[in-house]
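Tertiary structure, described
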Amino acid sequence: MSEKYCIGADIGGTTIKLAVISTEGKIYKKWEIHTDTSEHGKNITRDINIAINDTLKELNIHKSSILGIGAGAPGFVDTKTGYINEAINIGWKHFDFGIELKELTGLPVWVDNDANLAALGENWLGAGRGVENLIAVTLGTGVGGGIIANGDILNGANGTAAEIGHMTMKTAGGAPCNCGRSGCLETETSATAIVRKAKEALGHHSSSQLADLSSITAKDVFEAANNGDETAAKVLDEVIDTLGLALANLTVTINPDKIVLGGGVSKAGNQLLDPLRAAYKKYALPRAAEACTFELAELGNDAGVIGGASLVNQYH
Ligand SMILES: [Zn+2]
């Protein structure tokens, strides 16, 4: 029997990452192309098709050996049809991406949002390997989430399942969120939130090490806390407590075996994980918490393309 392959495509605001992966999980090629966001991203589907055709030729793989394309984009995606309601960074609005990509490539296409693909990727070849119930959290400029329950990715009634970044964590006085509401998990625990909270705290404690910096990043806040800076430590305590609460509450909905943390903020490693485990334990139902372990994501920027290929591998 000849080998079969899956293609993963992770469409971001600046680059489109692509990969050709065998059904056994061997990565044959991983590459990226520029995202042409001009004219509301109307050339993107064409560019993906060209990139795939060129690569298959180069790898000497015939299209009949390709099981399909699993593509992800940041935004609200109707996973049943591949219809993109809106992907702001890319310029797509009410765009029939799945159908267009299918027609152009002649291949079956599955579409999901980027955070769900990251969860699928970690579930196939990363830190959540082989786990039936998984929550994957991406802590970056925003907060993304993907949930695998009983072995399947959760999409829900209209593709908004696992949009954990938009759980309301603060009912009063929360910062405004991109979703139009305020006090979301994203506005309380993302890298952006850490920086905002550090700046707010500096207003009251100018003795902080952070006061000497011309601009502050989330990494600076972790470093300052590590050096004994109380202002930074207090900011992180609050952020991690909120994240622990959110994850504890999610725990009783899917009873995860594992929670995997990725994204820029997760680079803090144990400085994030240790207090997060403690906060989580404080709020979680003990029996549910007993079953769950925390791990750092392993696949980094490759999680999306691997997840796209996994989507094909699982559902073709
Ligand atoms: Zn929100």
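Everything numeric here is computed off the predicted structure, so don't read it as measured data.

1. A look at the pairing of strand 9 (residues 134-139)
Within strand 9, 5 of the 6 residues are buried, which leaves it mostly tucked inside the rest of the structure. In this structure, strand 9 lies alongside strand 10 (residues 143-149), joined through 6 bridges in antiparallel fashion. Bridge assignment links L139 to a residue of strand 10, and that residue is V143. Between strand 9 and strand 10, which follow one another and run antiparallel, lie 3 residues. By the bridge criterion, 5 bridges tie strand 9 to strand 12 (residues 258-262) in an arrangement that is parallel.

2. So, helix 8 (residues 230-254)
Along its 25 residues, helix 8 runs 36 Å from first to last C-alpha, staying within 8% of the 36 Å computed at 1.5 Å per residue. Residue D229 occupies the N-cap position of helix 8, its side-chain oxygen lying 3.1 Å from the main-chain nitrogen of T231.

3. Notes on the sheet that holds strand 7 (residues 92-95)
Sheet architecture is open: 3 strands sit in the order 5-6-7, paired in antiparallel fashion. Two strands in the sheet have a free side with no partner beyond their single neighbour: strand 5 (76-78) and strand 7. Across the sheet, the mean angle separating the axes of adjacent strands is 15° when strand polarity is ignored. Sheet topology note: the strand 5/strand 6 (residues 83-87) ladder contains 3 bridges and is antiparallel. By the bridge assignment for strand 6, D78 is matched with Y83.

Conventions adopted
Residues numbered from 1 in each chain as written. Predicted model: local features only at pLDDT ≥ 70, side-chain atom pairs only at ≥ 80, totals over all residues. Heavy atoms only, no water. Buried < 20%, exposed > 50% of the residue type's maximum accessible area, 1.4 Å probe, protein only. Helix = DSSP H or I, 4+ residues; strand = E, 2+ residues; numbered from the N terminus. Pairing = 2+ DSSP bridges. Expected span 1.5 Å × (residues − 1). Polar contact = N/O pair within 3.5 Å; in protein donor to acceptor, adjacent residues only side chain to side chain. Axes fitted to C-alpha atoms, helices over the stretch in contact; angles between N-to-C directions.

Without other data, these values stay purely geometric and don't point to any function.
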